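The lines below spell out each chain.
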Amino acid sequence: MSLDTCPPPATGCRDAPLLKQRGQHEVFCGLTGIIWLHRKMQDAFFLVVGSRTCAHLLQSAAGVMIFAEPRFGTAILEETDLAGLKDAQDELEREVARLLARRPDIRQLFLVGSCPSEVIKLDLARAAERLTLKHTPHVRVLNYSGSGIETTFTQGEDACLASMVPTLPDRTTRQLMLVGALPDVVEDQALDLLAQMGIGPISVLPAKRSDGSLGVGANTVFALTQPFLGDTLTALERRGARHIPAAFPFGAEGTTAWLRAVADEFGVDDATFARVTAAPRARATRAVAQAAETLAGKSVFFFPDSQLEIPLARFLTRECGMTALEVGTPFLHKSILGPDLDLLAEGPVLAEGQDVDRQLDRCRAARPDLTVCGLGLANPLEAEGLATKWAIELVFTPVHFYEQAGDLAGLFSRPLRRRALLHPGARA
Ligand code: SF4
């Protein structure tokens, strides 16, 4: 399926009613973003200022990575800090000095706020300023919040990138900036496709290393590679940069639409665009078609998790033949997701936020063939006879652009295949 063979729906979801719910929610806090950000930014360290709960969360989310001397840790607030018996700022300065002495490879240090540090109103912004003065020019210290009060899951990446934008040097020359942390292999593919079209110079936020070469200014145009970067978008616009709105690069169609939006901005002609995209696009379409055999005609229900839900629903409905029953997302930025909403045919319930018990009731009533949800809900729903896909995998697995389109579809078809193998008589 391609842009040419699958026209946009007569009525998309851009103006569809939005079910807004606030209640108990089953989501990660923004600290989890550290797990993929520390791998991407190779000279950065993430120091969470929090409690043992935060340290446990990172340990369990990072899995075996914690044995590889990762570049993140937790400065645990003790009772004496919480009771105000010790000066938390002095304590923090001491811990940071010890850390930087032990790890001279660190060039960027993020002080990451948590629920406890926010509740006791520990001023990490001021701490970051003081520490930058102390450790400049070798280390820059920044601050953002990954707390569960302020952020949901992938919003931690948004908060991190947004904190970097004001510190970037001015750049007056024209450039394309790709914004969003992608696995290296995926980022390389995107850069290669754009270079083949003659588009450049290109920079990437976050950069692998903070060598000072990344800059921003009025001649910067930027394309988001992830949909959850609302604050980063605002911060970049504040620096004069201009956003290129586009559907997100999931599947053959999404990737083509994303590339087309960037190519149009740089005046790439149709023949060049077709020459560069034809072969990988055909490969992606073939790979998706294989997994789509299992998915076609099946229904899908998304619980909110990462803000990837709307582009993924667009991919599953348009390229894999599924029907979306409900698409839940923690936040819906219409200015970012407009092009994806235009392509998503009207029909599914669009839900922002969560009241988990009510959403579970809707899910049980709908009996979807596939439910995309977090680990906290997956096994209980499986026990009720519903096939589930763990949403977190969609954030950790390389899923963007042409070469990963088949793998992306495979992530959704695998639970249905497994179910069919284990329960030959089951409906999914
Ligand atoms: S930041 Fe808040 S939600 Fe996240 S682990 Fe720490 S206490 Fe829990």
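Structure: above.
An account of the accompanying structure is given in this report. (Residues numbered from 1 in each chain as written. Predicted model: local features only at pLDDT ≥ 70, side-chain atom pairs only at ≥ 80, totals over all residues. Heavy atoms only, no water.)

Side note on the overall build of the chain
Consideration 1: Along its length, the chain carries 17 helices and 14 strands.
Consideration 2: Its C-alpha atoms give the chain a radius of gyration of 22 Å, within 12% of the compact-globule value 22 Å for 428 residues.
Consideration 3: In terms of its C-alpha atoms, the chain occupies a principal-axis envelope of roughly 60 × 55 × 40 Å.
Consideration 4: Within the chain, buried positions represent 57% of all 428 residues.
Consideration 5: A sequence separation of at least 24 residues applies to 76% of the contacts in the chain between residues at least 6 apart.
Consideration 6: Total accessible area on the chain stands at roughly 17900 Å², and carbon and sulfur atoms take up 53% of it. (Helix = DSSP H or I, 4+ residues; strand = E, 2+ residues; numbered from the N terminus. Rg over C-alpha atoms; globule rule 2.2 N^0.38 Å. Buried < 20%, exposed > 50% of the residue type's maximum accessible area, 1.4 Å probe, protein only. Contact = heavy atoms within 4.5 Å. Areas by Shrake-Rupley, 256 points an atom, 1.4 Å probe, with all protein chains shown as cover.)

With respect to the packing of helix α12 (residues 309-319) against helix α17 (residues 405-422)
Consideration 1: Close contact between α12 and α17 brings their axes to 11 Å; oriented N to C, the two are set at 90°. Judged on the interaxial angle alone, α17 and α12 are roughly perpendicular. Contacts from Leu-312, Phe-315 and Leu-316 in α12 reach Ala-405, Leu-408, Ala-409 and Phe-412 in α17.
Consideration 2: Looking at the contact of α12 with α17, its residues break down into seven nonpolar, no polar and no charged. (Axes fitted to C-alpha atoms, helices over the stretch in contact; angles between N-to-C directions. Parallel < 35°, antiparallel > 145°, perpendicular 65-115°, else oblique. Nonpolar A, V, L, I, M, F, W, Y, C, P; charged D, E, K, R; others polar.)

Comments concerning unusual backbone geometry
Consideration 1: Here the bond from Thr-136 into Pro-137 is cis, since omega is 0°, no more than 30 degrees from zero.
Consideration 2: Here Pro-137 lies in the loop between α6 (124-135) and β5 (140-145).
Consideration 3: Of note, the bond from Leu-205 into Pro-206 is cis; its omega dihedral lies within 30 degrees of zero at 5°.
Consideration 4: With respect to the helices and strands, Pro-206 occurs in the loop between β7 (202-205) and β8 (220-224).
Consideration 5: A positive phi angle is found at Gln-307, which is not glycine, with a value near 75°.

Some remarks on the nonpolar core
For soluble globular proteins, nonpolar side chains are generally found buried alongside one another.
Consideration 1: By size, the foremost hydrophobic cluster in this structure holds 106 residues, and its most contacted members are Phe-46 and Phe-110.
Consideration 2: With seven residues, helix α11 (residues 270-295) is the largest single contributor of residues to this core.
Consideration 3: Not counting residues within four places of it along the chain, the set of residues in contact with Phe-46 comprises Ile-34, Leu-37, His-38, Met-41, Arg-71, Phe-72, Gly-73, Phe-110, Val-112, Tyr-144 and Cys-160.
Consideration 4: Formed by 20 residues, the second largest nonpolar core is a distinct cluster that contains Leu-77, Leu-99, Leu-109 and Leu-131. (Core = buried A, V, L, I, M, F, W, Y, C linked by side-chain atoms within 4.5 Å.)

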